[in-house]
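# Examination of the molecular architecture
Take a look at the letters that make up each chain.
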Amino acid sequence: SPGFNFHNRGVMTFLGGGFGRKALMDYPHEALVISKAIGSPVQVIWTREDDATQGPFRPGISYRCQGVIENGTVSAIKFRMAGQNNDHFRSGDNGKANRSTSEGWLKPYFENIKNISFADVLFQTPIPTMFWRSVYASTNGFAYESFVNELAHKAGKDPLEFRREYLKEERAARLIDKIEAVSGWKKKGKNSGFGLAITECFGTTVAQVVKVSKKKDTPLKIDKVWAVVDCGWYVNPDIIHGQVEGAIVMGLGAATIHEITFKDGLVEQRNFYDYKMPRITDIPPIEVHIMENDSDAGGIGEPGLPPFAPALTEAIFDLTGKRIRKLPFDMASI
């Protein structure tokens, strides 16, 4: 294209915070088309309204979760997922099932639960979707770990001890021991709600405990979040702390504050005045712990997000008895 010189030596442009948006070529394509038409270099800058209304967006997904408890033990679990498939927009393949139905589900569950089924219901809309931080592990993690918490309640068992029965692999067991110790799980009182969730993606397992409380005539408060990360060997712990803290803040926003809605095929939110983001006053204290081992290194930019929402909603159930199965929800309504 006129105005662009290409050489054999590539130059890497660093871009932070893309979270998958870089995967679509709509924005450079626009610049190239305009440059070619006018025969000159151009710079195209999207407004915030352009960005908010054109997407792409996080896939919309719903789940049906079923399980069988026999004598206090899980003998069968069945998950069915109906959601937009990013591959449809990336490759144009509209006929295949979503290959990410089990993403976020811990591998030791497969070894210790006799019957497990994952199914996908083909579901399409014209709304463009693409990757979002932790991809399908975020929505899968909310559905699957929330259901594990519900199974524990149905079996009459503590959610942490319930998981210990099915996550017997050594690293998972050590992770559970660590989150139990740092969160003071055994010492939790009746005036607070505690929730636990554990997910895995990109080779890293993260356990989180969320503590909530509520005083009379005051909104529900998130008192603290504890996170324990097993990412194998690592170099810089500060990077891990920063990524996990940021993921929790992002998870809090997606679970309780911001959402995209559509009316007559158009996005209703246009800028930060109607697409609210978490403020510093919304953020609870966050404590991050890293497991020490020499296993292969996993990713750290994304795995800190999926456990937060199911841990938060379980904490709310522990305190109030109210189940939350749809995101986002309004904390002020609890």
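Quick note: structure is the one above.
Residues numbered from 1 in each chain as written. Predicted model: local features only at pLDDT ≥ 70, side-chain atom pairs only at ≥ 80, totals over all residues. Heavy atoms only, no water.

### Concerning the environment of phenylalanine 262
Looking at the element boundaries, phenylalanine 262 is found in strand β7 (residues 262-263). Put simply, phenylalanine 262 and tryptophan 233 are 29 residues apart on the chain and 44 Å apart in space, counted from C-alpha to C-alpha. Setting aside residues no more than four positions away along its own chain, phenylalanine 262 makes contact with Phe57, Ile127, Val267 and Glu268. (Helix = DSSP H or I, 4+ residues; strand = E, 2+ residues; numbered from the N terminus. Contact = heavy atoms within 4.5 Å.)

### Describing the nonpolar core
One finds Tyr109, Phe162, Ile179 and Ile198 to be the most contacted residues of the largest nonpolar core, which totals 32 residues. If you list the elements that add at least two residues to this core, you get β2 (73-83), α5 (136-155), α6 (159-166), α7 (170-183), β4 (192-201), β5 (204-213) and β6 (221-230). Looking at this core, the element that brings in the most residues is α5, giving 7 residues. With near-sequence residues (within four places) excluded, phenylalanine 162 lies in contact with Val74, Val148, Leu151, Ala152, Ala155 and Lys157. Counting residues in each nonpolar core, the second largest holds 26 residues, with Val212, Cys231, Leu312 and Ile334 among its members. (Core = buried A, V, L, I, M, F, W, Y, C linked by side-chain atoms within 4.5 Å. Buried < 20%, exposed > 50% of the residue type's maximum accessible area, 1.4 Å probe, protein only.)

### Points about the pairing of β2
Strand direction decides the pairing type here: strand β1 (residues 61-70) and β2, joined by 10 bridges, are antiparallel. Residue pairing across strands places arginine 64 opposite arginine 80, the latter belonging to β2. In this structure, the hairpin formed by β1 and β2 is closed by a connection of 2 residues, where asparagine 71 is found at a positive phi of approximately 55°. (Pairing = 2+ DSSP bridges.)

### Focus: the sheet that holds β4
The 4 strands are arranged β4-β5-β6-β9 in an open sheet whose pairing can be described as mixed. The strands lining the two open edges of the sheet, one partner per strand, are β4 and β9 (286-290). Pairwise comparison of adjacent strand axes, ignoring direction, gives a mean angle of 15° for this sheet. Sitting on the sheet, helix α8 (residues 237-256) touches β5, β6 and β9, and the angle it makes with β9 is about 135°. (Axes fitted to C-alpha atoms, helices over the stretch in contact; angles between N-to-C directions.)

### Describing the packing of aromatic side chains
Where two aromatic rings form a pair, the distance of their centres and the angle of their planes describe that pair. Taken as a whole and judged by the stated rule, the model has 14 aromatic pairs. Here phenylalanine 79 and tryptophan 105 contribute two aromatic rings whose centre-to-centre distance is 5.2 Å and whose plane-to-plane angle is 75°, an arrangement assigned as edge-to-face. Residue phenylalanine 79 is located in strand β2, and its partner tryptophan 105 is located in the loop between α3 (86-91) and α4 (107-112); the two are separated by 26 residues in the primary sequence. The exposure classification of phenylalanine 79 matches that of tryptophan 105, with both residues buried. Taken together through their ring pairs, the aromatic side chains of Tyr63, Phe79, Trp105, Tyr109, Phe110, Phe118, Tyr144 and Phe147 make up a single cluster. Here the guanidinium or amino end of arginine 58 rests over the ring plane of tryptophan 132, the centre of that ring lying 3.8 Å away. (Phe/Tyr/Trp six-rings, centres within 6.5 Å; stacked < 30°, edge-to-face > 60°. Lys NZ or Arg CZ within 6 Å of the ring centre and 35° of its normal.)

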